[in-house]
Every structure is written in structure tokens, then in C-alpha cells.
Amino acid sequence: MSKFLQEFKEFAMKGNVIDMAVGVVIGAAFGKIVSSLVDDIIMPLVGVATGGMNFTDFKWIIQKAVVDGTTQEVLKPEVTLNWGSWIQTIVDFLIIAFCIFVAIKAINKLKREKPAEPEAPAAPAGPTTEELLTQIRDLLAKNSK
């Protein structure tokens, strides 16, 4: 059991896992911002442009609600296809996808524009094998005299 926990700790503390967790948290917050943008700014403007319609109210009623005639209590709720909410969710998705696309394009552009790091100067070439052998021969010849 201890080995299992140690392996889990090593996995969880890797930089990639922590970076991914931070990305998920930021992504969730970004999703809320975009949802608010769509719900509170874009869709009301679309509603005004379309004559005051609220897209979340658009639905197809498959089965009407069953209501008790005397108490007005809903015995069976209505069954609907809420296509207006679905359109609003699609607008959310398109805005998020567009923002991610723009962010990735900007990151890729920055990566391409980053100046190449100057290469370290090559080490001076040492003597070749032939030059070394020639020097050894000359030293041996000089010492043998």
C-alpha cells in the first residue's frame, strides 16, 4: 500500500498534472465568464434585434402539463424540447472555441517570433590524428639522437 501511495504522490506532483489542474480551474472560470457574456449581453442584444424575443423561452411542447382543475396543482409537468436554450449553449460554445483558437494562434505566433538563441561558438578544432602522429614521430626522432 505504501508503494502505491508513493507512486500516486509522484504522479500528482509532476508539473504536468498540476499545470493541467490549474488549466481546468481557469477554464471553468472562463466558461462562466463566457456564459455570462452570452446570457447577459449578447442574447439580450439578439433579442432586441429580433423584436424582443428571449431565446430561452423558445421550446416545442411535446406534451402539455396536466393540471388539477380545482387546485391548479400540476399533476404532470409539460414535456418540452428547449431549443432556445440549446441555441444559447451553441453560442457559448462558439465563443469559447473562438477564444481558444485566438489564444493558440497568439501563442504559436510568439513561439515563431522568439529570436533564435545564438549558438555557442564551436570549440577550436584540435590537431588531427595525422598531426599528432607527426609530432610524436618528430619528438621520438629528436630524443633518439
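Right above here is the structure, for reference.
The notes below deal with the structure included here. Everything numeric here is computed off the predicted structure, so don't read it as measured data. (Residues numbered from 1 in each chain as written. Predicted model: local features only at pLDDT ≥ 70, side-chain atom pairs only at ≥ 80, totals over all residues. Heavy atoms only, no water.)

## What about a nonpolar patch on the surface?
On the surface, Met13, Ile18, Val22 and Ile26 cluster together into a nonpolar patch covering about 390 Å² of accessible area. Tracing the chain through its elements places valine 22 in helix α2 (residues 15-49). (Patch = residues over 30% accessible without salt bridge, like charges linked within 9 Å, V, L, I, M, F, W, Y side chains within 5 Å. Areas by Shrake-Rupley, 256 points an atom, 1.4 Å probe, with all protein chains shown as cover. Salt bridge = Lys/Arg side-chain N within 4 Å of Asp/Glu carboxyl O. Helix = DSSP H or I, 4+ residues; strand = E, 2+ residues; numbered from the N terminus.)

## Remarks on unusual backbone geometry
The phi angle at glutamine 72 is positive, at roughly 60°, despite the residue not being glycine. By the secondary structure assignment, glutamine 72 is in the loop between β2 (66-67) and β3 (74-76). Judged by relative accessible area, which is 55%, glutamine 72 ranks as exposed. (Buried < 20%, exposed > 50% of the residue type's maximum accessible area, 1.4 Å probe, protein only.)

## What about the packing of aromatic side chains?
Taken as a whole, this structure holds two aromatic pairs when the rule is applied. Here the aromatic rings of phenylalanine 58 and tryptophan 83 are separated by 5.1 Å at their centres, their planes lie at 5°, and the arrangement is stacked. Highlighted residues: phenylalanine 58 in the loop between α2 and β1 (60-63) and tryptophan 83 in helix α3 (residues 83-113), separated in sequence by 25 residues. The partly exposed category is assigned to tryptophan 83, whose relative accessible area is 28%. One aromatic cluster in this structure is built from Phe58, Trp60 and Trp83. (Phe/Tyr/Trp six-rings, centres within 6.5 Å; stacked < 30°, edge-to-face > 60°.)

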